[in-house]
Amino acid sequence: MQHFSPGRSVSVRVPASSANLGPGFDSIGLALGVYDDVEATVTGDELQITVEGHGAGEVPVDDGHLVWRSACIMWAALDLTPPKGLRLHCRNEIPHSRGLGSSAAAIVAGMAMALALVQEDIDDAESLALINRLAADAEGHPDNSSASVYGGCTISWADDHGRGWQTIRPALHPQIRPVLFVPAATLSTDKARAALGASVPLSAAASTAGRAALLTEALTRSPELLLPATRDWLHQEARRPAYERSMELVDRLRQQGHAATISGAGPAVLVLSTTDHADPIAELTDEWRVLTPGVADAGVRVVSRSVASTV
Ligand SMILES: Nc1ncnc2c1ncn2[C@@H]1O[C@H](COP(=O)(O)OP(=O)(O)OP(=O)(O)O)[C@@H](O)[C@H]1O
Ligand SMILES: N[C@@H](CCO)C(=O)O
(Lines give C-alpha, C1' and ligand atoms only; values in the text may rest on other atoms or scores of the structure.)
(Ligands and ions follow the chains in the order given, each with its own letter.)
Protein backbone atom coordinates (compact mmCIF):
# COMPACT_ATOMS: atom_id res chain seq x y z
CA MET A 1 0.00 0.00 0.00
CA GLN A 2 1.46 3.40 -0.99
CA HIS A 3 0.67 6.89 0.30
CA PHE A 4 -0.86 9.47 -2.03
CA SER A 5 1.82 11.02 -4.20
CA PRO A 6 1.13 14.43 -5.74
CA GLY A 7 0.89 14.10 -9.53
CA ARG A 8 -0.35 10.56 -9.34
CA SER A 9 -3.36 10.15 -11.57
CA VAL A 10 -5.84 7.39 -12.45
CA SER A 11 -8.74 7.14 -14.81
CA VAL A 12 -11.53 4.61 -14.26
CA ARG A 13 -14.44 3.58 -16.42
CA VAL A 14 -17.66 2.05 -15.08
CA PRO A 15 -20.69 0.62 -16.89
CA ALA A 16 -24.36 1.47 -16.31
CA SER A 17 -26.73 -1.28 -15.21
CA SER A 18 -30.32 -2.41 -15.29
CA ALA A 19 -31.60 -4.01 -12.09
CA ASN A 20 -34.37 -6.45 -11.17
CA LEU A 21 -35.05 -7.74 -14.74
CA GLY A 22 -38.59 -8.34 -13.44
CA PRO A 23 -38.63 -10.82 -10.55
CA GLY A 24 -34.96 -10.45 -9.45
CA PHE A 25 -35.76 -7.50 -7.18
CA ASP A 26 -32.67 -6.24 -5.30
CA SER A 27 -30.67 -9.21 -6.60
CA ILE A 28 -30.21 -9.51 -10.37
CA GLY A 29 -28.31 -6.92 -12.41
CA LEU A 30 -27.17 -6.54 -16.00
CA ALA A 31 -24.23 -4.31 -16.98
CA LEU A 32 -24.94 -2.08 -19.97
CA GLY A 33 -22.54 -0.64 -22.56
CA VAL A 34 -23.07 2.97 -21.43
CA TYR A 35 -20.22 4.37 -19.35
CA ASP A 36 -19.12 7.03 -16.89
CA ASP A 37 -15.42 7.96 -16.73
CA VAL A 38 -13.69 9.48 -13.72
CA GLU A 39 -10.17 10.95 -13.88
CA ALA A 40 -8.52 11.73 -10.57
CA THR A 41 -5.21 13.51 -9.98
CA VAL A 42 -3.63 14.04 -6.57
CA THR A 43 -2.73 17.74 -6.29
CA GLY A 44 -1.90 18.32 -2.63
CA ASP A 45 -3.96 21.48 -2.92
CA GLU A 46 -7.78 21.36 -2.63
CA LEU A 47 -10.77 19.42 -3.94
CA GLN A 48 -11.66 20.49 -7.49
CA ILE A 49 -14.50 18.75 -9.31
CA THR A 50 -15.63 19.23 -12.90
CA VAL A 51 -18.53 17.41 -14.56
CA GLU A 52 -19.27 16.86 -18.25
CA GLY A 53 -22.42 15.24 -19.63
CA HIS A 54 -25.26 14.06 -17.39
CA GLY A 55 -25.43 15.84 -14.06
CA ALA A 56 -23.34 18.84 -15.19
CA GLY A 57 -24.75 21.94 -13.48
CA GLU A 58 -26.96 19.73 -11.27
CA VAL A 59 -24.83 17.58 -8.98
CA PRO A 60 -22.77 19.27 -6.26
CA VAL A 61 -19.13 19.96 -7.12
CA ASP A 62 -17.89 20.08 -3.53
CA ASP A 63 -17.38 17.40 -0.90
CA GLY A 64 -21.05 16.41 -1.33
CA HIS A 65 -20.28 14.91 -4.78
CA LEU A 66 -21.19 11.22 -4.82
CA VAL A 67 -17.92 10.07 -6.42
CA TRP A 68 -15.86 11.91 -3.79
CA ARG A 69 -18.07 10.71 -0.91
CA SER A 70 -17.72 7.13 -2.15
CA ALA A 71 -13.94 7.48 -2.45
CA CYS A 72 -13.87 8.65 1.18
CA ILE A 73 -15.79 5.51 2.23
CA MET A 74 -13.11 3.37 0.56
CA TRP A 75 -10.22 5.30 2.17
CA ALA A 76 -11.93 5.01 5.59
CA ALA A 77 -12.23 1.23 5.07
CA LEU A 78 -8.49 1.16 4.28
CA ASP A 79 -7.78 3.30 7.36
CA LEU A 80 -6.40 6.10 5.20
CA THR A 81 -6.97 9.84 5.47
CA PRO A 82 -8.25 11.28 2.16
CA PRO A 83 -5.62 13.18 0.14
CA LYS A 84 -5.41 16.89 0.91
CA GLY A 85 -6.07 17.88 -2.66
CA LEU A 86 -7.63 16.05 -5.58
CA ARG A 87 -8.72 17.08 -9.06
CA LEU A 88 -11.68 15.03 -10.24
CA HIS A 89 -13.07 15.16 -13.74
CA CYS A 90 -16.28 13.20 -14.40
CA ARG A 91 -17.53 12.44 -17.93
CA ASN A 92 -21.02 11.02 -17.56
CA GLU A 93 -22.80 9.13 -20.30
CA ILE A 94 -25.26 7.43 -17.89
CA PRO A 95 -28.54 9.35 -17.53
CA HIS A 96 -29.51 10.14 -13.94
CA SER A 97 -32.66 8.92 -12.16
CA ARG A 98 -33.94 6.90 -15.14
CA GLY A 99 -33.29 3.37 -13.83
CA LEU A 100 -29.88 2.84 -15.44
CA GLY A 101 -27.94 2.63 -12.18
CA SER A 102 -26.23 6.04 -12.32
CA SER A 103 -25.82 6.34 -8.55
CA ALA A 104 -24.37 2.83 -8.23
CA ALA A 105 -21.98 3.55 -11.12
CA ALA A 106 -20.83 6.78 -9.43
CA ILE A 107 -20.30 4.95 -6.13
CA VAL A 108 -18.37 2.11 -7.78
CA ALA A 109 -16.28 4.58 -9.81
CA GLY A 110 -15.41 6.59 -6.69
CA MET A 111 -14.43 3.51 -4.70
CA ALA A 112 -12.42 2.00 -7.57
CA MET A 113 -10.62 5.31 -8.14
CA ALA A 114 -9.84 5.58 -4.42
CA LEU A 115 -8.34 2.09 -4.39
CA ALA A 116 -6.46 2.56 -7.67
CA LEU A 117 -4.73 5.65 -6.27
CA VAL A 118 -3.13 3.61 -3.50
CA GLN A 119 -2.44 0.22 -5.06
CA GLU A 120 -1.28 -1.02 -8.47
CA ASP A 121 -4.21 -3.22 -9.55
CA ILE A 122 -7.87 -3.35 -8.62
CA ASP A 123 -8.90 -6.31 -10.79
CA ASP A 124 -7.92 -9.05 -8.32
CA ALA A 125 -10.77 -10.95 -6.61
CA GLU A 126 -10.10 -9.38 -3.20
CA SER A 127 -10.19 -5.78 -4.45
CA LEU A 128 -13.36 -6.35 -6.49
CA ALA A 129 -15.04 -8.06 -3.51
CA LEU A 130 -14.15 -5.07 -1.31
CA ILE A 131 -15.62 -2.59 -3.83
CA ASN A 132 -18.67 -4.85 -4.27
CA ARG A 133 -19.32 -5.01 -0.51
CA LEU A 134 -18.82 -1.31 0.23
CA ALA A 135 -20.81 -0.19 -2.83
CA ALA A 136 -23.79 -2.43 -2.01
CA ASP A 137 -23.74 -1.14 1.58
CA ALA A 138 -23.68 2.44 0.31
CA GLU A 139 -26.56 1.85 -2.15
CA GLY A 140 -28.53 -0.30 0.30
CA HIS A 141 -29.05 -3.02 -2.31
CA PRO A 142 -26.47 -4.86 -4.42
CA ASP A 143 -28.11 -5.39 -7.83
CA ASN A 144 -26.88 -2.31 -9.73
CA SER A 145 -23.52 -1.99 -8.02
CA SER A 146 -22.53 -5.66 -8.50
CA ALA A 147 -23.22 -5.40 -12.24
CA SER A 148 -21.09 -2.23 -12.38
CA VAL A 149 -18.30 -3.98 -10.46
CA TYR A 150 -18.21 -7.30 -12.34
CA GLY A 151 -19.91 -6.64 -15.69
CA GLY A 152 -22.22 -9.09 -17.44
CA CYS A 153 -25.16 -10.50 -15.53
CA THR A 154 -24.90 -10.72 -11.75
CA ILE A 155 -26.91 -12.38 -9.00
CA SER A 156 -26.24 -11.02 -5.50
CA TRP A 157 -27.47 -11.89 -2.05
CA ALA A 158 -26.86 -10.91 1.56
CA ASP A 159 -24.59 -13.32 3.37
CA ASP A 160 -26.49 -15.35 6.02
CA HIS A 161 -23.87 -14.53 8.66
CA GLY A 162 -24.07 -10.76 8.25
CA ARG A 163 -20.63 -10.62 6.62
CA GLY A 164 -21.82 -8.61 3.65
CA TRP A 165 -22.79 -9.42 0.09
CA GLN A 166 -22.05 -12.32 -2.20
CA THR A 167 -22.22 -12.14 -5.99
CA ILE A 168 -22.03 -14.69 -8.79
CA ARG A 169 -21.79 -13.96 -12.47
CA PRO A 170 -23.69 -16.60 -14.48
CA ALA A 171 -22.79 -16.90 -18.18
CA LEU A 172 -25.39 -14.87 -20.05
CA HIS A 173 -26.84 -16.50 -23.17
CA PRO A 174 -25.01 -14.91 -26.13
CA GLN A 175 -28.23 -14.08 -28.02
CA ILE A 176 -29.62 -11.80 -25.30
CA ARG A 177 -29.66 -8.13 -26.22
CA PRO A 178 -30.94 -5.35 -23.92
CA VAL A 179 -33.11 -2.67 -25.51
CA LEU A 180 -33.83 0.38 -23.32
CA PHE A 181 -36.66 2.86 -23.74
CA VAL A 182 -35.58 5.98 -21.85
CA PRO A 183 -38.14 8.74 -21.22
CA ALA A 184 -37.42 12.40 -20.49
CA ALA A 185 -39.12 12.01 -17.09
CA THR A 186 -37.03 11.16 -14.05
CA LEU A 187 -37.83 9.22 -10.87
CA SER A 188 -35.50 8.99 -7.90
CA THR A 189 -34.86 5.53 -6.52
CA ASP A 190 -35.64 6.80 -3.01
CA LYS A 191 -39.10 7.91 -4.13
CA ALA A 192 -39.72 4.61 -5.97
CA ARG A 193 -38.65 2.59 -2.92
CA ALA A 194 -40.94 4.67 -0.68
CA ALA A 195 -43.88 3.48 -2.84
CA LEU A 196 -43.31 -0.14 -1.76
CA GLY A 197 -45.16 -1.64 1.19
CA ALA A 198 -43.43 -3.51 4.01
CA SER A 199 -45.07 -6.83 3.13
CA VAL A 200 -46.61 -8.63 0.15
CA PRO A 201 -49.17 -11.45 -0.03
CA LEU A 202 -47.75 -14.97 0.12
CA SER A 203 -49.12 -15.68 -3.39
CA ALA A 204 -47.17 -12.69 -4.81
CA ALA A 205 -43.98 -13.82 -3.08
CA ALA A 206 -44.41 -17.43 -4.21
CA SER A 207 -45.22 -16.53 -7.83
CA THR A 208 -42.27 -14.12 -8.03
CA ALA A 209 -39.87 -16.65 -6.49
CA GLY A 210 -40.89 -19.17 -9.16
CA ARG A 211 -40.32 -16.68 -11.98
CA ALA A 212 -36.95 -15.59 -10.52
CA ALA A 213 -35.86 -19.24 -10.60
CA LEU A 214 -37.10 -19.50 -14.19
CA LEU A 215 -35.22 -16.27 -15.03
CA THR A 216 -31.84 -17.83 -14.27
CA GLU A 217 -32.63 -20.61 -16.79
CA ALA A 218 -33.90 -18.09 -19.39
CA LEU A 219 -30.87 -15.79 -19.00
CA THR A 220 -28.31 -18.55 -19.32
CA ARG A 221 -29.75 -21.36 -21.46
CA SER A 222 -33.31 -20.79 -22.67
CA PRO A 223 -33.96 -17.23 -23.88
CA GLU A 224 -37.25 -18.41 -25.41
CA LEU A 225 -38.53 -18.43 -21.79
CA LEU A 226 -37.72 -14.74 -21.18
CA LEU A 227 -41.33 -13.56 -21.50
CA PRO A 228 -42.74 -15.68 -18.64
CA ALA A 229 -39.43 -15.42 -16.75
CA THR A 230 -39.57 -11.60 -16.49
CA ARG A 231 -43.01 -11.44 -14.80
CA ASP A 232 -42.99 -9.87 -11.34
CA TRP A 233 -45.55 -9.36 -8.57
CA LEU A 234 -43.32 -7.73 -5.92
CA HIS A 235 -42.59 -4.18 -7.04
CA GLN A 236 -43.78 -3.03 -10.47
CA GLU A 237 -47.55 -2.88 -9.80
CA ALA A 238 -46.99 -1.20 -6.44
CA ARG A 239 -45.00 1.51 -8.21
CA ARG A 240 -47.37 1.85 -11.18
CA PRO A 241 -48.66 5.31 -10.11
CA ALA A 242 -45.05 6.59 -10.03
CA TYR A 243 -44.37 5.49 -13.65
CA GLU A 244 -47.76 5.06 -15.30
CA ARG A 245 -46.50 5.72 -18.86
CA SER A 246 -43.69 3.21 -18.43
CA MET A 247 -46.09 0.52 -17.22
CA GLU A 248 -48.36 1.18 -20.21
CA LEU A 249 -45.36 0.57 -22.48
CA VAL A 250 -44.36 -2.57 -20.53
CA ASP A 251 -47.94 -3.91 -20.83
CA ARG A 252 -48.09 -3.15 -24.56
CA LEU A 253 -44.70 -4.71 -25.31
CA ARG A 254 -45.52 -7.82 -23.26
CA GLN A 255 -48.83 -8.23 -25.09
CA GLN A 256 -46.79 -8.19 -28.30
CA GLY A 257 -44.61 -10.98 -26.92
CA HIS A 258 -41.55 -8.96 -25.82
CA ALA A 259 -39.89 -9.59 -22.44
CA ALA A 260 -40.40 -6.05 -21.12
CA THR A 261 -39.84 -4.91 -17.53
CA ILE A 262 -39.20 -1.66 -15.71
CA SER A 263 -35.43 -1.04 -15.63
CA GLY A 264 -34.37 -0.78 -11.97
CA ALA A 265 -36.58 1.69 -10.15
CA GLY A 266 -37.68 3.18 -13.49
CA PRO A 267 -38.91 4.99 -15.36
CA ALA A 268 -36.87 3.48 -18.23
CA VAL A 269 -38.21 0.26 -19.73
CA LEU A 270 -35.95 -2.71 -20.46
CA VAL A 271 -36.68 -5.35 -23.08
CA LEU A 272 -34.57 -8.49 -23.00
CA SER A 273 -34.52 -9.23 -26.67
CA THR A 274 -32.63 -11.76 -28.75
CA THR A 275 -30.63 -11.07 -31.88
CA ASP A 276 -33.64 -12.13 -33.94
CA HIS A 277 -35.96 -9.52 -32.47
CA ALA A 278 -33.93 -6.39 -31.63
CA ASP A 279 -34.66 -4.31 -34.74
CA PRO A 280 -38.47 -4.63 -34.84
CA ILE A 281 -38.65 -3.58 -31.17
CA ALA A 282 -36.55 -0.49 -31.76
CA GLU A 283 -39.13 0.63 -34.33
CA LEU A 284 -42.12 0.21 -32.00
CA THR A 285 -42.22 3.72 -30.59
CA ASP A 286 -40.79 7.16 -31.20
CA GLU A 287 -41.98 8.60 -27.88
CA TRP A 288 -38.93 7.30 -26.08
CA ARG A 289 -35.19 7.47 -26.63
CA VAL A 290 -34.29 3.93 -27.65
CA LEU A 291 -30.86 2.59 -26.67
CA THR A 292 -29.34 -0.71 -27.76
CA PRO A 293 -26.11 -0.47 -25.76
CA GLY A 294 -25.23 -4.16 -25.63
CA VAL A 295 -24.15 -5.93 -22.47
CA ALA A 296 -20.93 -4.66 -20.89
CA ASP A 297 -18.87 -7.83 -20.39
CA ALA A 298 -16.33 -6.01 -18.22
CA GLY A 299 -17.10 -4.20 -15.01
CA VAL A 300 -15.23 -1.25 -13.53
CA ARG A 301 -11.64 -0.94 -14.69
CA VAL A 302 -8.64 1.34 -14.63
CA VAL A 303 -8.16 2.70 -18.16
CA SER A 304 -5.04 4.71 -17.49
CA ARG A 305 -2.69 5.70 -14.71
CA SER A 306 0.33 7.95 -14.45
CA VAL A 307 2.81 9.15 -11.90
CA ALA A 308 3.68 12.39 -13.76
CA SER A 309 4.81 15.13 -11.38
CA THR A 310 2.79 17.95 -13.02
CA VAL A 311 -0.01 18.94 -10.65
N1 LIG B 1 -22.07 10.44 -11.90
C2 LIG B 1 -22.65 10.99 -10.84
N3 LIG B 1 -22.02 11.95 -10.13
C4 LIG B 1 -22.59 12.52 -9.05
N5 LIG B 1 -23.82 12.18 -8.59
C6 LIG B 1 -24.49 11.24 -9.24
C7 LIG B 1 -23.94 10.59 -10.39
N8 LIG B 1 -24.83 9.69 -10.83
C9 LIG B 1 -25.89 9.76 -10.00
N10 LIG B 1 -25.68 10.69 -9.06
C11 LIG B 1 -26.63 11.07 -7.98
O12 LIG B 1 -27.59 10.04 -7.86
C13 LIG B 1 -28.89 10.52 -8.21
C14 LIG B 1 -29.64 9.47 -8.99
O15 LIG B 1 -29.71 8.31 -8.23
P16 LIG B 1 -30.98 7.38 -8.23
O17 LIG B 1 -30.61 6.20 -7.39
O18 LIG B 1 -32.19 8.15 -7.85
O19 LIG B 1 -31.18 6.96 -9.75
P20 LIG B 1 -30.37 5.96 -10.68
O21 LIG B 1 -29.24 5.36 -9.90
O22 LIG B 1 -30.02 6.67 -11.93
O23 LIG B 1 -31.49 4.88 -11.03
P24 LIG B 1 -31.73 3.36 -10.56
O25 LIG B 1 -31.13 3.20 -9.18
O26 LIG B 1 -33.21 3.17 -10.56
O27 LIG B 1 -31.08 2.52 -11.58
C28 LIG B 1 -28.64 11.78 -9.02
O29 LIG B 1 -29.72 12.68 -8.89
C30 LIG B 1 -27.37 12.33 -8.37
O31 LIG B 1 -27.69 13.01 -7.18
N1 LIG C 1 -33.71 -3.01 -6.89
C2 LIG C 1 -33.72 -1.56 -6.89
C3 LIG C 1 -33.01 -1.07 -8.11
C4 LIG C 1 -32.89 0.43 -8.18
O5 LIG C 1 -32.22 0.68 -9.37
C6 LIG C 1 -35.16 -1.06 -6.87
O7 LIG C 1 -35.94 -1.52 -7.70
O8 LIG C 1 -35.47 -0.22 -6.02
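About the criteria used
One numbering rule holds for all chains: residues counted from 1, following each sequence as written. Here chains are named by letter from A upward and ligands by number from 1 upward, in the order in which they appear as written. Totals for whole chains, interfaces and linings use all residues, but because this is a predicted model, local features are given only for residues with pLDDT of at least 70 and pairs of side-chain atoms are given and counted only at 80 or more. The basis for every side-chain value is the complete set of heavy atoms in the structure, and neither hydrogens nor water enter the calculation. UniProt positions are given in the numbering used here, feature names are shortened, and annotations may be inferred rather than shown by experiment. Only runs of H or I of at least four residues qualify as helices and only runs of E of at least two qualify as strands under DSSP, and these elements are numbered from the N terminus. The buried label goes to any residue with under 20% of its type's maximum accessible area, the exposed label to any with over 50%, and the partly exposed label to all in between, with areas taken from a 1.4 Å probe on protein chains only. Two residues form a contact once any of their heavy atoms are found within 4.5 Å. Any residue with a heavy atom positioned within 4 Å of a molecule or strand is treated as near that molecule or strand. Distance and chemistry together define a polar contact, namely a pair of N or O atoms within 3.5 Å, with one atom able to donate a hydrogen and the other to accept it when in protein, and with adjacent residues in sequence counting only for side-chain atoms on both sides. All amino acids are sorted into three groups, where Ala, Val, Leu, Ile, Met, Phe, Trp, Tyr, Cys and Pro are nonpolar, Asp, Glu, Lys and Arg are charged, and the leftover types, Gly among them, are polar. Each domain's limits were defined by an automated method or a database of domain assignments. We define the nonpolar core as a collection of buried residues of types Ala, Val, Leu, Ile, Met, Phe, Trp, Tyr and Cys that are connected through side-chain atoms lying within 4.5 Å of one another. Whenever Lys or Arg places a side-chain nitrogen within 4 Å of a carboxyl oxygen from Asp or Glu, that contact is recorded as a salt bridge. To estimate the expected span of a helix, subtract one from its residue number and multiply by 1.5 Å.

Here's the deal with the UniProt feature "binding site: ATP" (unreviewed entry) in the chain
- UniProt tags Pro95, His96, Ser97, Arg98, Gly99, Leu100, Gly101, Ser102, Ser103, Ala104 and Ala105 as "binding site: ATP" (unreviewed entry).
- Here leucine 100 lies in the loop between β4 (86–92) and α2 (102–116).
- With relative accessibility at 2%, the residue leucine 100 sits in the buried group.
- The contact partners of leucine 100, leaving out residues within four places of it in the chain, are Ala16, Ser17, Leu32, Ile94, Pro95, Leu180, Val182, Ser263, Ala268 and Leu291.

A short note on the site of ligand 2
- As a structural note, the neighbourhood of ligand 2 is formed by Ala19, Asn20, Phe25, Asp26, His141, Asp143, Asn144, Thr189, Arg193, Arg239, Gly264 and Ala265.
- With respect to ligand 2, the side chain of asparagine 20 contributes an N or O atom lying 2.9 Å from an oxygen atom.
- A distance of 2.7 Å separates an oxygen atom of ligand 2 from a polar side-chain atom of arginine 193.
- Listing elements by their share of the shell around ligand 2, those giving two or more residues are β1 (9–20), β2 (24–42), α4 (143–150) and α5 (189–194).
- Considered class by class, the residues forming the shell around ligand 2 number 3 nonpolar, 5 polar and 4 charged.
- Per-domain counts for the shell around ligand 2 show at least three residues from each of domain 1 (9–169 + 296–306) and domain 2 (176–291).

Examining the nonpolar core
- Counting residues in hydrophobic clusters, the biggest one holds 62 residues, and the most contacted among them are Trp75 and Met113.
- No other element matches the 11 residues that α2 contributes to this core.
- Of the domains in this structure, domain 1 (9–169 + 296–306) and domain 2 (176–291) are the two that each give at least three residues to this core.
- Discounting chain neighbours no more than four positions away, the residues touching methionine 113 are Val10, Val12, Val38, Ala40, Val67, Ala71, Leu86 and Leu88.
- Within the second largest apolar cluster, 16 residues are counted, among which are Met247, Leu249, Val269 and Trp288.

Observations concerning the pattern of salt bridges
- What the rule picks out here adds up to 9 salt bridges.
- Residue glutamate 120 pairs with arginine 8 through a salt bridge whose shortest N-O separation is 3.4 Å. Residue glutamate 120 is located in the loop between α2 and α3 (125–139), and its partner arginine 8 is located in the segment before β1; the two are separated by 112 residues in the primary sequence.
- For arginine 8, a relative accessible area of 5% translates into the label buried.

Topic: helix α6 (residues 202–220)
- Relative to the 27 Å expected for 19 residues at 1.5 Å per residue, α6 spans 28 Å between its end C-alpha atoms, a close match to the ideal helical length.
- Listed as buried for α6 are Ala204, Thr208, Leu215, Ala218 and Leu219.
- The secondary structure elements touched by the buried residues of α6 are β1, β2, β5 (153–158), β7 (176–182), α7 (226–229) and β9 (269–274).

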